[in-house]
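Now for the letters of each chain:
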Amino acid sequence: MKLIALVGSLRRESVNLKLALTMQERYRGKFELEIANLGTLPFYDQDEEDNPPESVRKLSEQVAGADGVLILTPEYNWSVPGVLKNALDWLSRGDKVLIGKPVLAAGASPGMYGTLRGQLHLREILSSPGIQAVMLPPAGNEIAVAQAPQKFGEGGARLTDERTLTHIDVVVDRFLELIRHR
Ligand code: FNR
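Keep in mind it's a predicted model, so treat the numbers as computed, not measured.

Student: It is not clear to me how the packing of helix α2 (residues 54-64) against helix α3 (residues 82-91) should be interpreted in this structure. Could you clarify?
Tutor: A packed helix pair is summarised by two numbers, namely the angle formed by the two axes and the spacing between the axes. At a minimum axis distance of 10 Å, the contact between α2 and α3 shows a crossing angle of 75°. With respect to their mutual orientation, α2 and α3 come out roughly perpendicular. Each of V56, L59, S60 and V63 in α2 lies in contact with α3, whose residues at this interface are A87, W90 and L91. Across the contact of α2 with α3, the residue classes break down as 6 nonpolar, 1 polar and no charged.

Laid out in structure tokens, this is it:
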């Protein structure tokens, strides 16, 4: 199985990127996870839509060719970062490659609520007509890593908090079932 990760932060030391890398390594036996580069996308411009830039074309192909999408994103001002929204806006046009695509959202934050408010916004965005992603119901399936700096181990490179990892294991298995049975 092949999944693609959209990471909503461009920061080199991003905890959300590290969450993506943790999942890439931890679930190697279950799926291949490619991490998209959202930093190369220009701002969405409807004038470019019929002839999109190469970076947009590439992302669109990556998503179309994936069995599912992981979104690992910070919360910015109680919503999703512009970097992620810009990517979703591009993907909601043209071939509309997210329609019917299984998407699993996750986020990490140093704060108390682990991006939950931003993920509520994200669910609304992912339900819009140009996207219509297929998601697990939120109850019991939210992946929100609160107080993230305390949960990333030695050097902070990977998520090491066992309780959080066990929860993610369960949700990931449900997500893979959703992909298999859709
Ligand atoms: C934040 N941060 C933040 N955190 C949060 O829990 N809720 C929020 O609404 C916001 N808002 C916000 C806005 C902006 C512009 C920035 C730069 C930051 C803090 C944020 O969670 C923290 O910087 C994370 O470490 C960002 O994620 P990455 O880059 O580490 O993945």
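Text resumes after the structure shown.
Student: I would appreciate a short explanation of the pairing of strand β3 (residues 68-72) in the present structure.
Tutor: Among the 5 residues in β3, 5 count as buried, and that is most of the element. The pairing of strand β1 (residues 2-7) with β3 spans 5 bridges and is classified as parallel. When the sheet's bridge partners are listed, L3 is paired in β3 with G68.

Student: I keep staring at the confidence of the model for the protein chain and nothing clicks. Help me out?
Tutor: Caution is warranted with low-pLDDT regions, since their predicted coordinates should not be read in detail. Overall, the predicted model of the protein chain reaches an average pLDDT of 97, with 100% of residues at or above 70. Model confidence for the complex: the whole-complex pTM is 0.98, and ipTM, which rates the interface, is 0.99.

Student: I keep staring at the UniProt feature "domain: NADPH-dependent FMN reductase-like" (unreviewed entry) in the protein chain and nothing clicks. Help me out?
Tutor: As recorded in UniProt, the sites labelled "domain: NADPH-dependent FMN reductase-like" (unreviewed entry) are residues 1-137. Each end of residues 1-137 is marked by a C-alpha atom, and these two atoms are 22 Å apart; helix forms 32% of the span and strand 15%.

Student: What should I look at first to understand the nonpolar core in this one?
Tutor: Generally speaking, nonpolar side chains in soluble globular proteins are found buried as a group. Counting residues in each nonpolar core, the largest one holds 46 residues, and the members touching the most others are A5, L6, L19, V69, L70 and A87. The contact partners of L19, leaving out residues within four places of it in the chain, are L72, A106, A108, V145 and L159.

Basis of the calculations
Residues numbered from 1 in each chain as written. Predicted model: local features only at pLDDT ≥ 70, side-chain atom pairs only at ≥ 80, totals over all residues. Axes fitted to C-alpha atoms, helices over the stretch in contact; angles between N-to-C directions. Helix = DSSP H or I, 4+ residues; strand = E, 2+ residues; numbered from the N terminus. Parallel < 35°, antiparallel > 145°, perpendicular 65-115°, else oblique. Contact = placed C-beta atoms within 7 Å. Nonpolar A, V, L, I, M, F, W, Y, C, P; charged D, E, K, R; others polar. Buried ≥ 20, exposed ≤ 12 C-beta atoms within 10 Å, placed from the backbone. Pairing = 2+ DSSP bridges. pLDDT = per-residue confidence, 0-100. UniProt positions renumbered as here; feature names shortened; annotations may be inferred. Core = buried A, V, L, I, M, F, W, Y, C linked by C-beta atoms within 7 Å.

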